[in-house]
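# Survey of secondary and tertiary structure
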Amino acid sequence: MNDNEQIINLLQPYLNNDQFYIVDCQVAGRRGGRIKVTILLDSDTGISIDECATISRQLGNDMEEHHLFDDAPFTLEVSSPGVDFPLTFARQYKRNIGRQLAVTLVSGEQHRGTLLSADETGFVLDIVPEALSKTKQKKEAEAGIVRLSGPTPLPYEQVKKATVEIVFS
């Protein structure tokens, strides 16, 4: 088992029967220097600083007891992904229904809009059409380019990256 797999196995008892889920787990500095382990956790209702601190203490103790890095010193950071971290799980999309997203598709197309719904296979984004000059509209029409707008279903496999946009009103 590699480092990530071992850490994820040690982390399982602290996820409270799937209340929390792992968004990301990274190990850096394994080839010399201090090892840094960064774990991003989330839940359907968010995760508090106190919950992250508790999990970090418990996991850190387990990692030391299991001599995970052969007694090499390590730093462990457990936190929530933050609003600027890309959405990666259906659970994250569901939690952000009603918020503005910036979405980049695998094809390279970029869209912005309001997340209307989400399920296990994809989500519906109410895409706001990009304002284009008349010249650009004409060129795209001649080239047969059709811009998406309005409620548009997007399967997760077509999404390269989706992030929540902060809107100040």
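Since we're looking at a predicted model, the values are computed, not measured.

Moving on, we come to the pattern of salt bridges. In total, this model carries 6 salt bridges according to the counting rule given. Note that Asp18 and Arg91 form a salt bridge whose closest N and O atoms lie 3.3 Å from each other. Placement of the pair is Asp18 in the loop between α1 (3-11) and β1 (20-28) and Arg91 in helix α3 (residues 90-95), with a sequence separation of 73 residues. A salt bridge links Lys94 to Glu120; its shortest N-O distance comes to 2.5 Å. With a gap of 26 residues between them, Lys94 in helix α3 and Glu120 in the loop between β5 (110-118) and β6 (122-127) connect regions that are remote in the sequence. One salt-bridge network, in which partners are shared between bridges, spans Asp18, Asp44 and Arg91.

Moving on to the pairing of β5. Each regular strand displays side chains that alternate between the two surfaces of the sheet. Taken together, the 5 bridges between strand β4 (residues 100-105) and β5 define a ladder with antiparallel strand orientation. Within β5, the residue paired with Gln100 across the bridge is Thr114. Where β4 folds back on β5, the antiparallel hairpin that results is connected by 4 residues, among which Gly108 adopts a positive phi of roughly 100°. The sheet contact formed by β5 and β6 spans 5 bridges and is antiparallel. Paired with Leu115 across the strands is Leu125, a residue of β6.

We now examine the sheet that holds β5. With respect to topology, 5 strands assemble into an open sheet ordered β7-β6-β5-β4-β8, the strand pairing being antiparallel. Edge positions in the open sheet fall to β7 (150-155) and β8 (159-165), since each of these has one partner strand only. Across the sheet, the mean angle from the axis of one strand to that of its neighbour is 40°, orientation sign disregarded.

Let's shift gears to the layout of surface pockets. Space inside the largest pocket adds up to approximately 210 Å³. Forming the boundary of the largest pocket are 14 residues, of which Asp42, Pro81, Gly82, Val83 and Arg95 lie nearest the centre. For the lining of the largest pocket, the per-class residue count stands at 6 nonpolar, 5 polar and 3 charged.

About the criteria used
Residues numbered from 1 in each chain as written. Predicted model: local features only at pLDDT ≥ 70, side-chain atom pairs only at ≥ 80, totals over all residues. Heavy atoms only, no water. Salt bridge = Lys/Arg side-chain N within 4 Å of Asp/Glu carboxyl O. Helix = DSSP H or I, 4+ residues; strand = E, 2+ residues; numbered from the N terminus. Pairing = 2+ DSSP bridges. Axes fitted to C-alpha atoms, helices over the stretch in contact; angles between N-to-C directions. 1 Å grid on protein atoms, 1.4 Å probe; cavity = no way out; pocket = protein on both sides within 12 Å on 5 of 7 lines; lining within 4 Å. Points joined across faces, edges and corners; volume = space filled by probe spheres on them. Nonpolar A, V, L, I, M, F, W, Y, C, P; charged D, E, K, R; others polar.

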